[in-house]
Amino acid sequence: MSRTFSTRSSYSNTKISIATVGFISAPGVWWWATAQDDVPSLEGPSVEPSVSEPTLSREEVSRVLSKDAFSHRVNSITGVQRYDGTQLASNSPCEDRFIHGKFTSPWNDSDKWMSWAVFDGHAGWQTAHLLTKQLLPFVQQNLGQIKASADGSSSNELVQHAIMKAFVDLDDSIIETALATSQSEISLQEKAKKLAPAYAGSCALLSLYDSLTSTLHVACTGDSRAVLGQKGPDGKWKAIPLSVDQSGRNEDEIARLYKEHPGEETIVKDGRVLGIMVSRGFGDSRWKWPLEFQQKMKDHFNGPAPLTPRYDVRTPPYLTAEPVVTSTKIDPSQPSFLIMATDGLWDNLSSEQGVDLVGKWLESPQDRKNNPDPTYEPFDFGQFHKGVDWRFVEERTTVQDENAAVHLVRNCLGGNHHELLAGRLAFDSPFSRHVRDDITVQVVFFNAGDKPS
C-alpha cells in the first residue's frame, strides 16, 4: 500500500515539475524563472520626527529670488540702454509668462523696434502661454498693414488702432474657434489641447518701443501695470502711469459694463465682474460664450462649469480683450525707466513706491550685502493683524541686488525684514497663494545715466 502511494506520489510530482517547466517556458512568462527580485528596500536609518528642511538663509533667499532673473545690455537700439527681469512663482506651475526682445520695424527693414510683455494667467497657464507665441505676431501683422509716411513712421492713432485690432482678433480666434474645434474630426485629446486657452484666461501688458521716433506704445488688457519713472529737474523721480488697472474696482470700467448691459445691476459686486477680478482679459470663455454653448462644452469636453445659477448671466460677452493703448514720447534728455509687472508686484507696493525703489537702486551703492539688517522681533503672520504691514513700507527698504527687477521683488515681499521675506518664500503651492502671488517684473532703462553693470 505504501509502495503504491509512493509511486503515485512520485508520478504526481513528476507531472507537476513538467507542467511547471512548461509554464515557465511559455512565451511571455519566462521572467518567472529568470527575473531577479528588484523590489526597493524600505529599511534604512531611523529619522527623528522633529528633523525638518533647513531654514532659508540670507544667501538662500537671494538664490530663490534670482533663480529666474535675466539682464540684457542693449547696444543696437537707440534710446534703450538695458533691461532687467525676473519671475517668482507661487502657483505650480507658474501661471505668468513673459516675452522680450527686438524685431524689425513694420515699415522699414533697416530699423529695429523692441518689445516687452508680461502675461498674468488665471485658472491655468495655457492662455498666457499661447499669448507668448501669438500676440506679437498678430500685432506685427496689423502694424504692417498701416501705410507709413516717407520717413518710415506712422501716427500714434493708427498704431493704437492696429494694436487694439490685433488683441481683439486673437481673442476672437481663441473664443470663436471653439465651435469648429468641438465639431471637427480631430481626436478628443487634440480637442482638449486646443480648447484649454479658452477655458483658462490671461491679462496682457505689451510695450512696443519705436526707436525711430522714441515712442513707447503700451497696450493693457487686465490688471497688470506699466509705469514710467522720469527724473525731474529737482532730481526727484516722478511716477507716470502708462496703463490703468482694468478690474471690478475701476469706476470707468464699472460704468462701461453697466452701459453695455443695461438693467443688469448685479454684474459687479465686491470688486469682481460676475466673480472674476478683471474686467478685460483673453480667454475666460465663461464670461463670453452663450450659456447653452457653455453647458455643451461642459458636458462633452470637460469645460468649466457655467456661471449660472450662482451669477445672473443674461447677455454675454461681459469681458473683452480690447486693450487701452497709450503712446508716450521718451525724452532723450531726461533719465527714465519703465516698470512692467503683473499684479503680484502691485498688490504689495504702489506705482510711486516702485519708481522710488528703482530710483534708489540706480543712485545707491550696490555693495551693501555685508551691512547688517535691522533687528526685528520674532515674526509670524498673525502680526499682520497687529499693525505690521504686509505691503511694502519704506523702513524695510534694502538695496543689495544687481538686478533691478529682483530688487523690486525683494522689497515688495519684506525687504530687510529677513524673517518676513523668508517666511513668504518658504511656502510652496498651494499654501504660498495665501502669502504671495506669481510675480513677473521687467524694468527697462531709457537714458538712465550711470548705473551698476
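The structure we're discussing is the one just above.
From a predicted model like this one, the values you see are computed outputs, not experimental measurements.

## Observations regarding the packing of aromatic side chains
Remark: the centre distance and the inter-plane angle together describe each pair of aromatic rings, the angle taken between the planes.
Move 1: Scanning the model with the defined rule gives 16 aromatic pairs in all.
Move 2: Between Tyr-199 and Trp-289, the aromatic rings sit 6.3 Å apart at their centres with planes inclined by 90 degrees, giving edge-to-face as the arrangement. Residue Tyr-199 is located in helix 6 (residues 188-199), and its partner Trp-289 is located in the loop between strand 12 (282-283) and helix 8 (291-301); the two are separated by 90 residues in the primary sequence. For the pair formed by Tyr-199 and Trp-289, the shared burial category is buried.
Move 3: By the ring-pair criterion, three or more aromatic residues cluster together here, those being Tyr-83, Trp-116, Tyr-209 and Phe-446.

## Focus: the sheet that holds strand 8 (residues 225-231)
Move 1: Reading across from one edge, 1-2-15-14-8-9 is the order of the six strands in this open sheet, with antiparallel pairing throughout. Pairing within the sheet leaves two strands with one partner each, and these edge strands are strand 1 (70-73) and strand 9 (237-241). Each strand of the sheet is rotated relative to its neighbour by a mean of 15 degrees, with strand direction disregarded.
Move 2: Bridging between strand 14 (residues 336-341) and strand 15 (residues 439-446) involves six bridges; their strand directions are antiparallel.

## Here we look at the environment of Gly-248
Move 1: In this structure, Gly-248 sits in the loop between strand 9 and helix 7 (251-260).
Move 2: The spatial distance from the C-alpha of Gly-248 to the C-alpha of Gly-275 is 9.4 Å, given a sequence separation of 27 residues.
Move 3: Setting aside residues up to four positions removed in sequence, Gly-248 forms contacts with Ile-254, Val-268, Gly-271, Arg-272, Val-273 and Met-277.

Here is what the cut-offs are and how they apply
- Residues numbered from 1 in each chain as written.
- Predicted model: local features only at pLDDT ≥ 70, side-chain atom pairs only at ≥ 80, totals over all residues.
- Heavy atoms only, no water.
- Phe/Tyr/Trp six-rings, centres within 6.5 Å; stacked < 30°, edge-to-face > 60°.
- Helix = DSSP H or I, 4+ residues; strand = E, 2+ residues; numbered from the N terminus.
- Buried < 20%, exposed > 50% of the residue type's maximum accessible area, 1.4 Å probe, protein only.
- Pairing = 2+ DSSP bridges.
- Axes fitted to C-alpha atoms, helices over the stretch in contact; angles between N-to-C directions.
- Contact = heavy atoms within 4.5 Å.

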